[in-house]
Amino acid sequence: MKLKYFAWIAEIIDKREESLEIPSEIETIGQLVNYLSSIDETYKKAFEKRKNIKFAVNQVLVNENELISKADEIAFFPPMTGG
Amino acid sequence: MDINITKEDFDLTKEIEIFNQGSLDHGAISIFIGKVRPEKNLQSMHIDCYPEMAQKKIKSITEIARSKWTLDNIRIVHRYGSLKPNDNIVLVIIGSSHRSDSMSANEFIMDYLKSSAPFWKKEIYSDKEIWIEQKESDLRKLYQWEKLSL
């Protein structure tokens, strides 16, 4: 699964993107966040302020209950501040 | 419609030339330029971006604008990367038959770019770096637009 990180989340994780093998029982974004937080303290720290994090699947904004699959591009970022 | 997500600066004269290469079926053009505000001691602004999603999101924002107002050409340039105080950040050019359409659509597009397009600003000062947080007042503007369309 391709994962992308932006803004302060990328700074904490110290990566812009990576490809990870995710266990097949992980079906939603929320479960993915819990899984990542459980395998490494860095992810745990990045995802600590959960309500300040937004998610996109294949470049479309979704909520934590969105179903995900291995071929998806998942992005994690804070609320947007463009313009 | 033309969307350019870029690290490069833009030149307004050239941008209007490009804009005018499209349809000229308008009696009004509304132009908005957003710049890096020269806050005290601000050295630079870093803008992070998810370019593929930004393209899709800005396209959908312009499609909503087109459903609300009668618009001709739209050209949007949004920069990312490292910018200095007073540098250009964003350009929105909209043509319409009558000025109220392009002016309202410009306001609408900017409100949505601010809070729903995937860009993130970080202010860099000599002694600190601050990721700008989304403002409640900006979200209220989106709420107002949604209320208007009910």
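This section reports on the structure supplied with the text. Bear in mind the structure is a predicted one, so any value in this text is a computation, not a measurement.

Reading the values: the criteria
- Residues numbered from 1 in each chain as written.
- Chains lettered and ligands numbered in written order.
- Predicted model: local features only at pLDDT ≥ 70, side-chain atom pairs only at ≥ 80, totals over all residues.
- Pairing = 2+ DSSP bridges.
- Helix = DSSP H or I, 4+ residues; strand = E, 2+ residues; numbered from the N terminus.
- Axes fitted to C-alpha atoms, helices over the stretch in contact; angles between N-to-C directions.
- Contact = placed C-beta atoms within 7 Å.
- Nonpolar A, V, L, I, M, F, W, Y, C, P; charged D, E, K, R; others polar.
- Buried ≥ 20, exposed ≤ 12 C-beta atoms within 10 Å, placed from the backbone.
- Parallel < 35°, antiparallel > 145°, perpendicular 65-115°, else oblique.
- Left-handed = near helix turned anticlockwise from the far one by under 90°.

Here's the deal with the sheet that holds strand β3 (residues 42-49) of chain B
All names here are of chain B.
Moving on, step 1. Sheet architecture is open: four strands sit in the order β5-β3-β7-β8, paired in antiparallel fashion. Edge strands, defined here as strands with exactly one partner in the open sheet, are β5 (81-83) and β8 (129-131). Mean inter-strand twist for the sheet, computed between neighbouring axes without regard to direction, equals 20°.
Moving on, step 2. Pairing analysis gives three bridges linking strand β7 (residues 119-125) to β8, with the strands arranged antiparallel. Opposite Ile124, over in β8, you have Glu129 as the bridge partner.

Thoughts on the interface of chain A and chain B
Moving on, step 1. Facing the 14 residues of chain A at the interface are 21 residues of chain B.
Moving on, step 2. For the side of chain A that touches chain B, the class distribution of residues is nine nonpolar, four polar and one charged.

So, the pairing of strand β4 (residues 74-79) of chain B
Residue and element names in this part refer to chain B.
Moving on, step 1. Among the six residues in β4, six count as buried, and that is most of the element.
Moving on, step 2. On β4, burial covers both faces: Ile74, Ile76 and His78 on one face and Arg75, Val77 and Arg79 on the other are all buried.
Moving on, step 3. Looking at chain direction, strand β1 (residues 2-6) and β4 are connected through five bridges and run parallel. In the strand pairing of β4, Ile3 is matched with Ile76.
Moving on, step 4. Strand direction decides the pairing type here: β4 and strand β6 (residues 88-96), joined by five bridges, are antiparallel.

Structural notes on the environment of Ser97 of chain B
All names here are of chain B.
Moving on, step 1. In this structure, Ser97 sits in the loop between β6 and α3 (99-116).
Moving on, step 2. In this structure Ser97 comes out as partly exposed when scored by C-beta crowding, with 14 C-beta atoms within 10 Å.
Moving on, step 3. For the pair Ser97 and Gln43, spaced 54 residues apart in sequence, the C-alpha to C-alpha distance is 42 Å.
Moving on, step 4. Apart from residues no more than four positions distant in its own chain, Ser97 is found in contact with His26, Gly27 and Thr70.

Considering the environment of Ala54 of chain B
Residue and element names in this part refer to chain B.
Moving on, step 1. Locating Ala54 in the fold gives a position in helix α2 (residues 51-68).
Moving on, step 2. Owing to 22 C-beta atoms within 10 Å, Ala54 belongs among the buried residues under this scheme.
Moving on, step 3. For the pair Ala54 and Ile33, spaced 21 residues apart in sequence, the C-alpha separation works out to 18 Å.
Moving on, step 4. Those residues in contact with Ala54 that lie beyond four places of it in its chain are Ile5, Cys49, His78, Ala117, Pro118 and Phe119.

A look at unusual backbone geometry
Moving on, step 1. Within the chain, Asp14 of chain A stands out as a residue other than glycine whose phi angle is a positive 65°.
Moving on, step 2. The residue Asp14 of chain A is located in the loop between α1 (7-13) and β2 (17-19) in this model.
Moving on, step 3. Here Asn41 of chain B, not a glycine, exhibits a phi torsion of approximately 65°, which is positive.
Moving on, step 4. Its place among the elements puts Asn41 of chain B in the loop between β2 (28-35) and β3.
Moving on, step 5. Judged by the 12 C-beta atoms lying within 10 Å of it, Asn41 of chain B falls in the exposed class.

Points about the packing of α2 of chain B against α3 of chain B
Residue and element names in this part refer to chain B.
Moving on, step 1. At a minimum axis separation of 10 Å, α2 and α3 run at an interaxial angle of 150°. When the axes of α2 and α3 are compared, the pair comes out roughly antiparallel. In this structure, α2 meets α3 at a crossing whose hand is right-handed. Counted together, Lys57, Ile58, Ile61, Thr62, Ala65 and Lys68 of α2 and Ala105, Phe108, Ile109, Tyr112, Leu113 and Ser116 of α3 form the full contact between these two elements.
Moving on, step 2. Along the lines of polarity and charge, the residues of the contact of α2 with α3 split into eight nonpolar, two polar and two charged.

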